[in-house]
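Residue-level structural notes
One-letter residues, chain by chain:
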Amino acid sequence: MAEAAVDRSSKSGLGPAGKPFSTFERLVAWRYLRARRKEAFISVIAGFSFVGIMLGVATLIIVMAVMNGFRTELVSRILGINGHMIVQPVDGPFTDYPVLSSKLAAVPGVKMALPLVEGQVLASAQAGGSTGALVRGARAEDLTKLKTVSDNIKSGDMVGYASGDGVLIGSRMADQLGLRVGDLITLTSPDGDITPMGVSPRIKSYKISGLFEIGMSEYDSSIIFMPLEEAQLYFNAEGLVQSIELFVDNPDDIDDLRPKVEEAAGRQIAITDWRQRNQTFFSALQVERNVMFMILTLIVLVAALNIISGLIMLVKDKGSDIAILRTMGASAGAIMRIFFMTGAAIGIVGTIAGVLLGVLVCVNIEIRPPVLLLDLRHRALQSAGLFPQPAAGRDGSERNDLDRRHGADALLHRDHLPRLACLQARSGAGPALRIRNAAFMKRNVVLQLTGVERHYGQGGTLLSILKGADFSISKGEIVALVAPSGTGKSTLLHVAGLLEHPDGGEVNINGHACDGLSDEKRTAIRRSEIGFVYQFHHLLPEFSALENIMMPQLIAGLSWKEAGERAGQLLDYMRIGHRGSHRPGELSGGEQQRVAIARAVANAPTLLLADEPTGNLDPETASYVFDALEALVRQSGLAALIATHNHELARRMDRRVTISDGKIVDF
């Protein structure tokens, strides 16, 4: 039986439920997030961690969004009138620019090919004032496609430009020179006509047909668009263009497009891209983005370290809970996953909240750039007729007069009390009902200790507690372990319960040797075969009485519904069904201990180990609790080893043993 439990656990490899993050793990993790009053400091740390991660992530998103928006805006403004790729001739001027432009525009990924003639001029107004300017000669149909200009005509229109009778100038240049639509602007170029006296400047006036405003001061104050034919005449470039600028769908795909453009040109060309022309500026911008990302990531990291510190404090505070969960059969991996989920919940929820906050802020603000289960339920309590509600009313009284007069018979209603049953899945066979009859089970040894030794180092000496201890207990038998304090009662129970490894000898449970087993397999046996009751109830304080009884069943892989039903039946059996929703701090001492007993037998173990289960109770309550424990063991056929100092209770058990000189002897 124990071997089957070990085999099933070994095959799963992930704990009782066969998968990580089971119901029991999620339940405990969620409850630990809800701190009680005495743990308010841990809750405050968790709160600060949550707020820190939320603000850190939100700040990271906002700042990076602003930086990305700033870069996008700059690229769109800087490259709005400048091509992403500039194609220039190598083997001769572009006299075939109409055909070449069509070829280049047909390259996949290229939106437009813009033939250009450019030249530096001195722009002046008739009323006085002058400024340097860059004249860009472009065809009207191409300029119409250049939405950065055509969609930002502040005054006038492109009709005069399209007819070849006017030019477009920036709004800042117009303000600087005091010009309006319809006025004349005089352009002076040093590359004029060649005369016997030398090169004379070329001076010509053009009518202003429109004012554009891109939003970039450098462009609005220095660029003049002129019809291509007129620019060719003005700069002595009849029938040719100086370059062809290409506008692409994705400026970051320049490297992939370069060979395609060279192939489409069919001649020797020189290509310069926007990154080369603005390398210094965009490199500085990229460095700034990287530094900001690193700084904000460190902010998030600091908040994450707060989560770690909070988890360390939580683990320290929950040390006793961890020990109880381990004795109930929770694996070390399950415990780690519980605290992992606790910390991850803070981090994940904080991150989600930060993302939502960051997106919300980004959507509602506008910032312009400054320039612009595997089923292992191998044992289950029989649901039909198990622990029925007692005939007496559940009015919350600790013990009524009838109970006091008739003891366990009246308490447990023996005429109606069913026997504890369980379903055990056997290898190669379906579940079989096993009814534990005490007379039958006394012939079957549940726990066998042979030559067990246990030593502890104390300073430079070796303290021997158990020296070749031999002991056995059979099904349906109740054995009292009566010995003075310090003789090794708790050590014996820990070794028998597989909580400690013996230094020598053998421990057999249901005929299966447990000495050389791994921690995982020992945990599987504790989960399925052993129940523990302590002097102090050791109930998990964050959980109600019902949830405490459900806990070992959830660890064993039962569903929430099934575990809840059986826990409720056990509470009714122990006459505290009306207290199921109360937490341990709201129960009396007797009620707490009865919940602990119910929890110990929730998985129908074959062995019950109790360490002073009535030691902290007054005599009357102690007798009452022991009545319930004794009746439960008698009816279920458990093997029970109970350590006690109460000789009166010990005499009511089947036999009594003690520890003398490290050995177990009859008392």
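Here, every reference points to the structure presented above.
Described in the following lines is the structure provided in the data block.

Quick notes on the rules
Residues numbered from 1 in each chain as written. Predicted model: local features only at pLDDT ≥ 70, side-chain atom pairs only at ≥ 80, totals over all residues. Heavy atoms only, no water. Buried < 20%, exposed > 50% of the residue type's maximum accessible area, 1.4 Å probe, protein only. Helix = DSSP H or I, 4+ residues; strand = E, 2+ residues; numbered from the N terminus. Right-handed = clockwise from strand over helix to strand, strands pointing away. Pairing = 2+ DSSP bridges. Axes fitted to C-alpha atoms, helices over the stretch in contact; angles between N-to-C directions. Core = buried A, V, L, I, M, F, W, Y, C linked by side-chain atoms within 4.5 Å. Contact = heavy atoms within 4.5 Å. Salt bridge = Lys/Arg side-chain N within 4 Å of Asp/Glu carboxyl O. Parallel < 35°, antiparallel > 145°, perpendicular 65-115°, else oblique. Left-handed = near helix turned anticlockwise from the far one by under 90°. Nonpolar A, V, L, I, M, F, W, Y, C, P; charged D, E, K, R; others polar. Patch = residues over 30% accessible without salt bridge, like charges linked within 9 Å, V, L, I, M, F, W, Y side chains within 5 Å. Areas by Shrake-Rupley, 256 points an atom, 1.4 Å probe, with all protein chains shown as cover. Expected span 1.5 Å × (residues − 1). Phe/Tyr/Trp six-rings, centres within 6.5 Å; stacked < 30°, edge-to-face > 60°.

**Looking at the pairing of strand S23 (residues 639-643)**
Summarising burial for S23: five of the five residues are buried, a large majority. Burial along S23 is two-sided: Ala639, Leu641 and Ala643 facing one way and Ala640 and Ile642 facing the other are all buried. The parallel pair strand S22 (residues 607-611) and S23 is bridged by helix H24 (residues 619-636), and the resulting crossover is right-handed.

**Looking at the sheet that holds S22**
Taken together, the six strands give an open sheet; going across it, the order is S21-S22-S23-S18-S24-S25, and neighbouring strands pair in mixed fashion. Of all strands in the sheet, those with a lone pairing partner are strand S21 (530-533) and strand S25 (663-666), marking the two edges. Looking at each pair of strands side by side, their axes are set apart by 25° on average, direction ignored. Taken together, the four bridges between S21 and S22 define a ladder with parallel strand orientation. Its bridge partner being in S22, Phe532 is matched across the sheet by Leu609.

**Remarks on the nonpolar core**
In terms of nonpolar packing, the biggest core is built from 99 residues, with Phe24, Leu325, Leu447, Phe471 and Met551 touching the most fellow members. Not counting residues up to four positions away in its chain, the partners in contact with Leu447 are Phe471, Ser472, Ile473, Ala496, Val507, Asn508, Ile509 and Leu607.

**What about the pattern of salt bridges?**
If charged atoms from side chains of opposite charge come close, those side chains can pair. Tallied over the full model, the rule gives 20 salt bridges. Among the salt bridges present, the one from Asp519 reaches Arg326, with a minimum N-O distance of 2.9 Å. Judged by relative accessible area, which is 18%, Arg326 ranks as buried. Two residues, Arg579 and Glu591, come together in a salt bridge whose shortest N-O distance is 3.3 Å. Here Arg579, found in the loop between helix H22 (560-573) and helix H23 (589-600), pairs with Glu591, found in helix H23; they are twelve residues apart in sequence, far enough to count as distant.

**Some thoughts on the packing of helix H21 (residues 545-555) against H23**
Direction vectors running N to C along H21 and H23 enclose 25°, while the axes themselves pass 8 Å from each other. On the basis of the axis angle, H21 is roughly parallel to H23. Judged by the twist between their axes, the crossing of H21 over H23 is right-handed. In this structure, H21 contributes Ala545, Asn548, Ile549 and Pro552 to the contact, and H23 contributes Val595, Ala598 and Arg599. Per-class residue counts for the contact of H21 with H23 are five nonpolar, one polar and one charged.

**Re the packing of helix H14 (residues 319-327) against helix H15 (residues 332-364)**
A pair of packed helices can be characterised by two numbers: the angle between their axes and the separation between those axes. At a closest axis distance of 10 Å, the pairing of H14 and H15 adopts a crossing angle of 140°. Taken together, H14 and H15 sit at an angle that is classed as oblique. Taken as a pair, H14 and H15 cross one another with a handedness that is right-handed. In contact with Ile322, Leu325 and Arg326 of H14, H15 contributes Ala332, Ile335, Ile338 and Phe339.

**Some remarks on the sheet that holds strand S20 (residues 512-513)**
Within a sheet, each strand pairs with its neighbour through backbone hydrogen bonds, oriented either parallel or antiparallel. Read from one edge of the open sheet, four strands run S17-S16-S19-S20, paired in antiparallel fashion. What marks the edges here is a single partner per strand, and that holds for strand S17 (461-474) and S20. Looking at chain direction, strand S19 (residues 504-509) and S20 are connected through two bridges and run antiparallel. Along S20, the bridge assignment pairs Asn508 with Ala513. On the sheet, helix H19 (residues 489-496) packs against strand S16 (445-458), S17 and S19 and is oriented at approximately 125° with respect to S16.

**A look at a nonpolar patch on the surface**
A surface patch of nonpolar side chains, amounting to about 480 Å² of accessible area, comprises Leu298, Leu301, Leu305, Ile308 and Ile312. Summarising the element assignment, Ile308 is placed in helix H13 (residues 279-317).

**Some points on H23**
Count 3.6 residues to each turn of an α-helix, and residues three or four apart come out pointing the same way. Across its twelve residues, H23 extends 17 Å between first and last C-alpha, which sits within 8% of the 16 Å expected from 1.5 Å per residue. By the burial criterion, the buried members of H23 are Gly590, Glu591, Gln592, Gln593, Arg594, Val595, Ala596, Ile597, Ala598, Arg599 and Ala600. Of the surrounding elements, those touching the buried residues of H23 are H14, S21, H21, H22, S22 and H24.

**With respect to the packing of aromatic side chains**
With the rule as written, the count across this model stands at three aromatic pairs. Taking 5.6 Å as the distance between ring centres and 65° as the angle between the ring planes, the aromatic pair formed by Phe212 and Phe225 counts as edge-to-face. Highlighted residues: Phe212 in strand S9 (residues 202-212) and Phe225 in strand S10 (residues 223-227), separated in sequence by 13 residues. Using a relative accessible area of 0% as the deciding quantity, one classes Phe212 as buried. Assessed through its relative accessible area of 1%, Phe225 is described here as buried. Aromatic side chains Tyr234 and Phe235 sit 5.0 Å apart centroid to centroid with 90° between the ring planes, which places their arrangement in the edge-to-face category. Residue class for Tyr234 comes out buried when judged on its relative accessible area of 2%. Aromatic ring contacts, followed pair by pair, group Tyr206, Tyr234 and Phe235 into a single cluster.

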